Amino acid sequence: TKKTNIDAITTDAETKTVKLNSSEEELVVQYVVVRRDLIDKCPLGNDPATLSYCSPSSLDSMHKVTLEVEGEIQIVNLLEKLKSNGILHKLWIEQPENIPTCLATKAYPKSMVSPFFRKLKLCK
């Protein structure tokens, strides 16, 4: 895994790219991972706040990749990989059931985080 000094990155908010230590520029991306077993039980898109957040007018201002894992074991394994490599993230825990449902990374240069997500499928 390629590690980059975050302090040496500058962001261009208009193009959503970062300039690394050299002259190379790269897309900044946030990965969102959801559990397929829960999507099958509770379809996405029923919540008004989610619909607004994912509306076409909002999507143009975001660079997010939504992926899926099979279930709880896979999302916990991904969580551990991210923790051990210092990738900042948020894990959502459904209450009162106390089960992990979704994980999202902080926005990073794509090359820094994409290796952790290469084997996952796009969420459809």
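Below you will find a few notes about this structure. (Residues numbered from 1 in each chain as written. Predicted model: local features only at pLDDT ≥ 70, side-chain atom pairs only at ≥ 80, totals over all residues. Heavy atoms only, no water.)

Looking at the environment of leucine 122
Counted only if it meets this: Numbered from the N terminus, helices here are DSSP runs of H or I no shorter than four residues, and strands are runs of E no shorter than two. Exposure is judged per residue with a 1.4 Å probe applied to protein chains only, and the accessible area is read against the type maximum: over 50% gives exposed, under 20% gives buried, and values in between give partly exposed. Here, two residues are considered to be in contact whenever any of their heavy atoms come within 4.5 Å of each other.
By the secondary structure assignment, leucine 122 is in strand S8 (residues 121-122). Overall, the relative accessible area of 53% leaves leucine 122 in the exposed class. Taking the C-alpha atoms as reference, leucine 122 lies 6.2 Å from glutamate 68; in sequence the two are 54 residues apart. Beyond its immediate chain neighbours, meaning those up to four positions away, leucine 122 contacts Val65, Thr66, Leu67 and Glu68.

Some points on the pattern of salt bridges
It is possible for side chains of opposite charge to pair when their charged atoms get near one another. Rule in force here: Think of a salt bridge as a Lys or Arg side-chain nitrogen and an Asp or Glu carboxyl oxygen that are within 4 Å of each other.
Under the definition given, this model contains two salt bridges. For arginine 36, the salt bridge is made with glutamate 68, and the minimal N-O distance between the two is 2.7 Å. Of this pair, arginine 36 sits in helix H1 (residues 36-41) while glutamate 68 sits in strand S4 (residues 64-69); the two residues are 32 residues apart in sequence, bridging distant segments of the chain. The class of glutamate 68 is buried, set by a relative accessible area of 11%. Across the salt bridge formed by lysine 83 and glutamate 80, the nearest N and O atoms sit 4.0 Å from each other. On the criterion of helical spacing, the pair formed by lysine 83 and glutamate 80 is a turn pair, its members being three residues apart in helix H4 (residues 72-84).

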